[in-house]
Amino acid sequence: MPLVHIELIAGRSQEQLKQLCADVTAAVVKNTGAPAEHVHVVLSEMAKDRYAVGGVLKSDEEAK
């Protein structure tokens, strides 16, 4: 059972998330031979004020 955990900043549409899951599943199937029904994808979305790069919160970058 391949398990793919993706962490990303919140803000993408439901359609974008669906397509991401479909594309990741297809890539896992292609590269491992696992059946698609055994591929699990977990999406963890973070608020922009809970993620920082270089010590700067992503929410603060937008304020500039």
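The following paragraphs examine the structure supplied in this document.

The rules behind the values
Residues numbered from 1 in each chain as written. Predicted model: local features only at pLDDT ≥ 70, side-chain atom pairs only at ≥ 80, totals over all residues. Heavy atoms only, no water. Patch = residues over 30% accessible without salt bridge, like charges linked within 9 Å, V, L, I, M, F, W, Y side chains within 5 Å. Areas by Shrake-Rupley, 256 points an atom, 1.4 Å probe, with all protein chains shown as cover. Salt bridge = Lys/Arg side-chain N within 4 Å of Asp/Glu carboxyl O. Helix = DSSP H or I, 4+ residues; strand = E, 2+ residues; numbered from the N terminus. Buried < 20%, exposed > 50% of the residue type's maximum accessible area, 1.4 Å probe, protein only. Contact = heavy atoms within 4.5 Å.

**Description of a nonpolar patch on the surface**
- Judged by side-chain polarity, Met1, Leu3 and Val42 come together as a nonpolar surface patch covering roughly 320 Å² of accessible area.
- Topologically, Met1 is positioned in the segment before strand 1 (3–9).
- For Met1, a relative accessible area of 70% gives the class exposed.

**Topic: the environment of Glu45**
- Within the secondary structure, Glu45 sits in strand 2 (residues 40–46).
- Placed 32 residues apart in sequence, Glu45 and Ser13 show a C-alpha to C-alpha distance of 12 Å.
- In contact with Glu45, not counting residues within four places along its chain, are Leu8, Ala10, Gly11 and Leu17.

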